Amino acid sequence: SNLSGLVPAAGLVPALPPAVTLGLTAAYTTLYALLFFSVYAQLWLVLLYGHKRLSYQTVFLALCLFWAALRTTLFSFYFRDTPRANRLGPLPFWLLYCCPVCLQFFTLTLMNLYFAQVVFKAKAKRRPEMSRGLLAVRGAFVGASLLFLLVNVLCAVLSRRRRAQPWALLLVRVLVSDSLFVICALSLAACLCLVARRAPSTSIYLEAKGTSVCQAAAMGGAMVLLYASRACYNLAALALAPRSRLDAFDYDWYNVSDQVFGSRSYFFDRAHCEDEGCSWEHSRGESTR
């Protein structure tokens, strides 16, 4: 084992009791599956009622559907074959562990694009030159999405080649990814406030859903707080974990909150339980003793 020289086998115990982790895993899997079927039904309703097939709504739903499908697949490994989840090839590994984070960022930039378009089109009615600003904003968000994707793909490829993710490489990915998340959350919060506070031509987009200026500001603040706290958690995980063991600050599924490939395997198969025939019951027994 790659941890045999770092910590004794007796110290490799789950952060939470096995019964708790099993219940949480079942709950997460169920919620992801319910989200998948809910979004799937909404996409069928779009077709049934003849709405525009290619729109911000359908792209957003498609991203959510793909994200929920990947998360449901990943967590379902726990119930039958956890060792296989830790021995995936490069493409399945990236799809299950890294792609969901990219999809989250893409949905955030998509929402930014939608509300930025509302704001700029309203301003362009009085100042036509503002239409050029919309093109710049679109280019900026597309560039941010490509940068996010490139950083995560490169880090995933490098970590798979080395079979572990170096601390410095992980720090770069966390800094870039979480900075982009926080910037996009701030941008979306600003767009929501602008849409809510401007003339009826823009505020109607939110008023149609019964959303006031205060509610829009609260939603924007909540999103900023969510992604800022996520960034703080990831940085704390890196700061508190020894550079030789990136799993020292975690809760079994998650090390850094977007499922990084650290110095040990994922889920609950302990370092001394790496053989294909190892089952979760064996791991649970070892941890109990």
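In this text the structure is predicted, and so the values were computed from the model without any measurement.

Chemist: How should I be thinking about the overall build of the chain in this particular structure?
Modeler: When helices and strands are counted, the chain shows nine helices and zero strands. For the chain, the succession of helices and strands along the chain, N to C, is α-α-α-α-α-α-α-α-α. Taken over 289 residues, the chain has a buried fraction of 45%. Of the contacts made within the chain by residues no fewer than 6 positions apart, 70% connect residues no fewer than 24 positions apart.

Chemist: How should I be thinking about the state of the cysteines in this particular structure?
Modeler: By definition, a disulfide links two cysteine residues through a covalent bond between their sulfur atoms. For the structure shown, the criterion picks out zero disulfides. This cysteine, Cys-155, is not joined by any disulfide, and Cys-98 carries the nearest cysteine sulfur, 8.9 Å off. Assessed through its relative accessible area of 4%, Cys-155 is described here as buried.

Chemist: Explanation requested: the pattern of salt bridges in the structure shown.
Modeler: Pairing between side chains of opposite charge can happen when the charged atoms of each approach one another. What the rule picks out here adds up to one salt bridge. Of the charged contacts in the structure, one is a salt bridge between Asp-178 and Arg-230, with a shortest N-O distance of 3.7 Å. Highlighted residues: Asp-178 in helix H6 (residues 167–197) and Arg-230 in helix H8 (residues 213–240), separated in sequence by 52 residues. Each member of the pair Asp-178 and Arg-230 is classed as buried.

Chemist: Is there a simple way to explain the packing of aromatic side chains in this structure?
Modeler: Given two aromatic rings, their pairing is described by the distance between the two centres and the angle made by the two planes. Counted by the stated rule, this structure contains 14 aromatic pairs. Ring centres of Phe-36 and Tyr-40 lie 6.1 Å apart, and the angle between their planes is 10°; this geometry places the pair in the stacked category. One end of the pair, Phe-36, and the other, Tyr-40, are both in helix H1 (residues 18–48), four residues apart, so they sit about a helical turn from each other. The partly exposed category is assigned to Phe-36, whose relative accessible area is 23%. On the numbers, 5.4 Å between centres and 70° between planes, the contact of Tyr-56 with Tyr-114 is edge-to-face.

Chemist: Would you mind showing me how to read the environment of Leu-61 here?
Modeler: With respect to the secondary-structure elements, Leu-61 resides in helix H2 (residues 56–80). In this structure the C-alpha to C-alpha distance between Leu-61 and Leu-43, which are 18 residues apart in sequence, comes to 7.0 Å. Apart from the residues lying within four places of it in its own chain, the contact partners of Leu-61 are Val-39, Gln-42 and Leu-43.

Chemist: I tried to follow the packing of helix H4 (residues 90–124) against H6 on my own but got confused; where do I start?
Modeler: Packed helices, taken two at a time, are described by the angle between their axes plus the distance between the axes. Packing of H4 against H6 brings their axes to within 9 Å, and their N-to-C directions diverge by 30°. Relative to H6, the element H4 lies roughly parallel. In the packing of H4 onto H6, the handedness of the crossing is left-handed. Contacts between H4 and H6 involve Val-101, Gln-104, Phe-105, Leu-108, Thr-109, Met-111, Asn-112, Phe-115, Ala-116, Val-118 and Val-119 from the former and Leu-180, Phe-181, Cys-184, Ala-185, Ser-187, Leu-188, Cys-191, Leu-192, Leu-194 and Val-195 from the latter. Broken down by class, the residue content of the contact of H4 with H6 amounts to 17 nonpolar, four polar and no charged.

Chemist: What exactly am I supposed to notice about H4 here?
Modeler: Residues three or four positions apart in an α-helix share a direction because the helix packs 3.6 residues into each turn. At Cys-98, H4 shows its largest kink, close to 50°, and the proline Pro-100 lies no more than four residues downstream. In terms of residue burial, H4 counts as a mostly covered element, since 25 of its 35 residues are buried.

Chemist: I tried to follow the confidence of the model for the chain on my own but got confused; where do I start?
Modeler: In low-pLDDT regions, the fine details of the predicted coordinates are not to be read closely. When pLDDT is averaged across the chain, the result is 75; 70% of the residues are at 70 or more. When mean pLDDT is compared element by element in the chain, H2 scores highest at 90, while helix H9 (residues 280–288) scores lowest at 38. Per-residue pLDDT stays below 50 along residues 248–259; that stretch engages in 57 contacts with residues further than four places along the chain or on separate chains.

Chemist: In this structure, what is going on with the packing of H2 against H4? I would like to understand it.
Modeler: H4 packs onto H2 with a crossing angle of 160° between their chain directions and a minimal axis gap of 9 Å. By the angle class used here, H2 and H4 are roughly antiparallel. In terms of crossing hand, the pair formed by H2 and H4 is left-handed. By residue class, the composition of the contact of H2 with H4 is 21 nonpolar, four polar and one charged.

Chemist: Looking at this model, I keep getting lost on the UniProt feature "transmembrane region" (unreviewed entry) in the chain. Mind explaining?
Modeler: Those places that UniProt annotates as "transmembrane region" (unreviewed entry) correspond, in this numbering, to residues 25–47, 59–79, 91–115, 135–159 and 179–196. With 100% helix and 0% strand, residues 25–47 has end C-alpha atoms that lie 34 Å from one another. For the annotated span residues 91–115, helix accounts for 100% and strand for 0% of the residues, and the straight-line distance between the end C-alpha atoms is 34 Å.

Chemist: Help me understand the nonpolar core in this model?
Modeler: Looking at soluble globular proteins, one finds that nonpolar side chains tend to be buried together. One finds Leu-96, Tyr-97, Phe-105, Phe-148 and Phe-181 to be the most contacted residues of the largest nonpolar core, which totals 49 residues. Those elements that provide at least two residues to this core are H2, H4, helix H5 (130–162), H6 and H8.

Chemist: Would you take a moment to explain the side chain of Gln-104 for this structure?
Modeler: Checked against the element boundaries, Gln-104 lands in helix H4. By relative accessible area, Gln-104 is classed as buried at 18%. Among the polar contacts listed, one links the side chain of Gln-104 to the side chain of Arg-230, at a separation of 3.2 Å. Other than its neighbours up to four places away in sequence, Gln-104 contacts Trp-67, Phe-181 and Arg-230.

Here is what the cut-offs are and how they apply
Residues numbered from 1 in each chain as written. Predicted model: local features only at pLDDT ≥ 70, side-chain atom pairs only at ≥ 80, totals over all residues. Heavy atoms only, no water. Helix = DSSP H or I, 4+ residues; strand = E, 2+ residues; numbered from the N terminus. Buried < 20%, exposed > 50% of the residue type's maximum accessible area, 1.4 Å probe, protein only. Contact = heavy atoms within 4.5 Å. Disulfide = S-S within 2.5 Å. Salt bridge = Lys/Arg side-chain N within 4 Å of Asp/Glu carboxyl O. Phe/Tyr/Trp six-rings, centres within 6.5 Å; stacked < 30°, edge-to-face > 60°. Axes fitted to C-alpha atoms, helices over the stretch in contact; angles between N-to-C directions. Parallel < 35°, antiparallel > 145°, perpendicular 65-115°, else oblique. Left-handed = near helix turned anticlockwise from the far one by under 90°. Nonpolar A, V, L, I, M, F, W, Y, C, P; charged D, E, K, R; others polar. Bend = angle between axes of the 7 residues up to and from the residue. pLDDT = per-residue confidence, 0-100. UniProt positions renumbered as here; feature names shortened; annotations may be inferred. Core = buried A, V, L, I, M, F, W, Y, C linked by side-chain atoms within 4.5 Å. Polar contact = N/O pair within 3.5 Å; in protein donor to acceptor, adjacent residues only side chain to side chain.

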